Amino acid sequence: MADGGSSSRPSAYRGRFAPSPTGPLHFGSLVAAAGSYLDARANGGEWLVRIEDVDAPRTVPGAADGILKTLEGFGFEWDGEVVYQSRRIDLYHAALVRLQLAGHVYPCSCSRSEIAAATSRPSIDGGLVYPGTCRAGLKEGAAARAWRLRVPDREFVLRDRIQGESRQNLERDVGDFVLLRADGQYAYQLAVVVDDAVQGVNSIVRGVDLLDSTPRQLWLQQCLGLPEPRYAHLPVAVNQAGEKLSKQTHAAAVLPEQGTEVLARVLRFLGYQVPECLCRASTTEFWNWAIGEWSIEKVPAVRAAFPGDVPAGAGNS
Ligand code: GLU
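One structure accompanies this document, and this report is about it. Residue numbers restart at each chain and count upward from 1, following the sequence in its written direction. Residue-level local features of this predicted model are given only where pLDDT is at least 70; pairs of side-chain atoms are given and counted only at 80 or more, and the full residue set underlies all totals for whole chains, interfaces and linings. Excluded from the side-chain calculations are hydrogens and water; all other atoms, namely the structure's heavy atoms, are used.

**Side note on the overall build of the protein**
Counting from the N terminus, the helices are DSSP H or I runs at least four residues long and the strands are E runs at least two residues long. The secondary structure content of the protein amounts to nine helices and 12 strands. For 317 residues, the compact-globule estimate of 2.2 N^0.38 gives 20 Å, and the C-alpha radius of gyration of the protein, at 20 Å, lies within 12% of that figure. Projected onto its principal axes, the C-alpha positions of the protein cover 70 × 40 × 35 Å. Accessible area is worked out with a 1.4 Å probe on protein chains only. A residue is then buried under 20% of its type maximum, exposed over 50%, and partly exposed in between. Burial analysis of the protein (317 residues in total) assigns 51% to the buried set. Taken as two groups, the 33 positive and 36 negative side-chain charges of the protein have centres that lie 4 Å from each other. Every radius of gyration here is taken over C-alpha atoms, with the globule rule written as 2.2 Å times N^0.38, N being the number of residues. Counted as positive: Lys and Arg. Counted as negative: Asp and Glu. His and the chain ends are not counted at all. The location of each charge is read from NZ of Lys, CZ of Arg, CG of Asp or CD of Glu.

**So, the nonpolar core**
For this analysis, a nonpolar core means a set of buried residues of the types Ala, Val, Leu, Ile, Met, Phe, Trp, Tyr and Cys, connected via side-chain atoms within 4.5 Å. Among the nonpolar cores identified, the biggest contains 49 residues, and Leu30, Leu71, Phe76 and Leu270 are the most heavily contacted of them. Those elements that provide at least two residues to this core are helix H1 (27-42), strand E2 (46-51), helix H2 (63-73), strand E10 (230-234), helix H8 (260-269) and helix H9 (283-293). Ranked by residue count, the leading element in this core is H1, at nine residues. Contacts are assigned to residue pairs with any non-hydrogen atoms lying within 4.5 Å of each other. Apart from residues no more than four positions distant in its own chain, Leu30 is found in contact with Leu25, Phe74, Phe76, Val254, Val262, Leu263 and Val266.

**Looking at the site of the ligand**
If you check the shell around the ligand, you find Arg16, Ala18, Pro19, Ser20, Glu52, Tyr188, Val192, Arg206 and Leu210 and nothing else. Polar contact is defined as a pair of N or O atoms within 3.5 Å, subject to the rule that within protein one atom must be able to donate a hydrogen and the other to accept it, and that residues adjacent in sequence are counted only when both atoms are side-chain atoms. A distance of 2.6 Å is found between an oxygen atom of the ligand and a side-chain nitrogen or oxygen belonging to Arg16. Note on areas: these come from Shrake-Rupley sampling with a 1.4 Å probe, and a residue is covered only by the protein chains present in the view. For the ligand, the accessible surface in isolation is 300 Å², of which the surrounding protein chains cover 79%. For the shell around the ligand, a count of residues per class yields five nonpolar, one polar and three charged. Note on definitions. A residue lies near a molecule or strand when any single heavy atom of the residue is within 4 Å of it. Charged means Asp, Glu, Lys or Arg here, nonpolar means Ala, Val, Leu, Ile, Met, Phe, Trp, Tyr, Cys or Pro, and polar covers whatever is left, Gly included.

**A closer look at the pattern of salt bridges**
Each salt bridge in this description consists of a side-chain nitrogen of Lys or Arg and a carboxyl oxygen of Asp or Glu lying within 4 Å of one another. For the coordinates displayed, the defined rule picks out 21 salt bridges. Its salt-bridge partner being Glu171, residue Arg135 comes within 4.0 Å of it at the nearest N-O pair. One end of the pair, Arg135, is in the loop between helix H4 (112-118) and strand E5 (146-149); the other, Glu171, is in helix H5 (residues 170-173), with 36 residues separating them in the sequence. Owing to a relative accessible area of 30%, Glu171 belongs among the partly exposed residues under this scheme. Residue Glu155 pairs with Arg167 through a salt bridge whose shortest N-O separation is 3.4 Å. You can see Glu155 sitting in strand E6 (residues 155-160) and its partner Arg167 sitting in strand E7 (residues 164-169), a full 12 residues away along the chain. Judged by relative accessible area, which is 48%, Arg167 ranks as partly exposed. The network of salt bridges with shared partners includes Arg16, Arg50, Glu52, Arg88, Asp195 and Asp196.

**Points about the packing of aromatic side chains**
Each aromatic ring pair is described using two quantities: the centre-to-centre distance and the angle formed by the ring planes. Pairing of aromatic rings covers Phe, Tyr and Trp, the last counted by its six-membered ring, and requires centre-to-centre distances within 6.5 Å; plane angles under 30 degrees mean stacked, over 60 mean edge-to-face, and any other angle means tilted. Taken as a whole, this structure holds 13 aromatic pairs when the rule is applied. Plain terms: the ring middles of Trp47 and Phe76 are 5.5 Å apart, the flat faces sit at 20° to each other, and that makes the pair stacked. With Trp47 in strand E2 and Phe76 in the loop between H2 and strand E3 (83-84), this pair connects stretches of sequence that are 29 residues apart. In this structure Trp47 comes out as buried when scored by relative accessible area, which is 0%.

**So, H2**
Residues Ala63, Ala64, Ile67, Leu68, Thr70 and Leu71 constitute the buried set of H2. Mapping the buried residues of H2 onto a view down its axis gives an arc of 160°, with all of them on the same face. The outward face of H2, more than 90 degrees from its buried face, is lined by the exposed residues Lys69 and Glu72. In this structure, the buried residues of H2 make contact with strand E1 (14-17), H1, E2 and E3. Regarding the arc, it is the one traced by the directions from the helix axis to the C-beta atoms.

**Observations concerning helix H7 (residues 214-224)**
With 10 of its 11 residues buried, H7 lies for the most part within the structure. For H7, the full list of buried residues reads Thr214, Pro215, Arg216, Gln217, Leu218, Trp219, Leu220, Gln221, Cys223 and Leu224. Just downstream of H7, Gly225 is the residue with a positive phi angle, here 70°.

**What about the sheet that holds E2?**
On the basis of which strands lie adjacent, the open sheet formed by three strands has the order E1-E2-E3 and parallel pairing. Two strands bound the open sheet, and with one partner strand each, they are E1 and E3. In short, DSSP must find at least two bridges between two strands for them to pair. Where E1 meets E2, four bridges bridge the pair, whose relative direction is parallel. Counterpart to Arg14 in the pairing with E2 is Glu46.

**A short note on the pairing of E6**
Of the two faces of E6, the one lined by Phe156, Leu158 and Asp160 is fully buried and the one lined by Glu155, Val157 and Arg159 carries no buried residue. In this antiparallel pair of consecutive strands, E6 and E7, the connection spans three residues.

**Digging into the environment of Arg121**
In this fold, Arg121 is placed in the loop between H4 and E5. For the pair Arg121 and Val174, spaced 53 residues apart in sequence, the C-alpha separation works out to 9.6 Å. Among the polar contacts listed, one links the side chain of Arg121 to the backbone oxygen of Arg172, at a separation of 3.1 Å.

**Some details on the packing of helix H6 (residues 188-198) against H7**
For helices, the fitted axis covers only the stretch in contact; all axes are lines through C-alpha atoms, and the angles between them, taken along N-to-C directions, range from 0 to 180 degrees. Viewed as axis vectors pointing N to C, H6 and H7 meet at an angle of 60°, and their least axial separation amounts to 10 Å. Between H6 and H7, the crossing angle belongs to the class labelled oblique. Read as a crossing pair, H6 and H7 show a hand that is right-handed. Between H6 and H7, the residues in contact are Tyr188, Gln189, Leu190, Val192, Val193 and Val194 and Arg216, Gln217, Leu220, Gln221 and Leu224, respectively. Here the contact of H6 with H7 is composed, by residue class, of seven nonpolar, three polar and one charged. Orientation labels follow simple angle bins: below 35 degrees gives roughly parallel, above 145 gives roughly antiparallel, 65 to 115 gives roughly perpendicular, and whatever is left gives oblique. Crossing chirality is assigned from the near helix's rotation relative to the far helix, an anticlockwise turn below a right angle marking it left-handed and a clockwise turn marking it right-handed.

Given below as structure tokens:
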């Protein structure tokens, strides 16, 4: 398998944009694309694009091509070939086998309803904290449905370049989490950790909706003996109802035909003062200016913001 499609040029900084092809690129995903791109380029780094289509049931045919065309249309230039998670299942399988051999994972036979009957403790991401039913072994006659990673009862400290310090205890807030699902799909948490390490990504810039997943990823990195990247979590764009822009909330697609006007809105969202004249500039002129101006300190340390209001840096999370 290729090393992730990246060139062999040495680079101190390697970043990436990793969209899930569940629909067209919208304002919220464009924020993550632009933030990761600008931080990489302003630091003289490489910027990779990885299509996160590991979750086959959620993948929308044609969405990946649409996202790549849109990125191209907005003048993004990525390094190396685009990588598709759906073609890297062997890597995730190998990582799971390593975790099995080291005793970090165990098979689990619990269905959703069994978990719901055993606990009502809410987890940090809106589900339930896994009560550990299968930790000591499967019940007599029960068949394994999924594989879970044992988590420790200790606090993980994340020092995020934008959001500052946050803490999470995986046992209290998440519980042992699934790496291979009952439907045979590898979980995002495993795929993202394996890919970032194999591709040599050492600086991750992405939406703050993934901040709560980060301690799970730190723990996986430790279990697999992988280096820990630096993290920066950007505010996420919400609609007027306060919902994160996504396919589920029917966020409108962004189109290159809308020109640098949209990019200017994205940059204002990220804390820039964008001169009016740049709205009529070419994408090349626009990016050259934006790369020169980038500073991650300008990005407001908030969790959510409405694109119309430039977040002022005060917490409305
Ligand atoms: N594929 C994830 C998404 O589109 C992003 C993963 C990441 O940046 O770590 O939400």
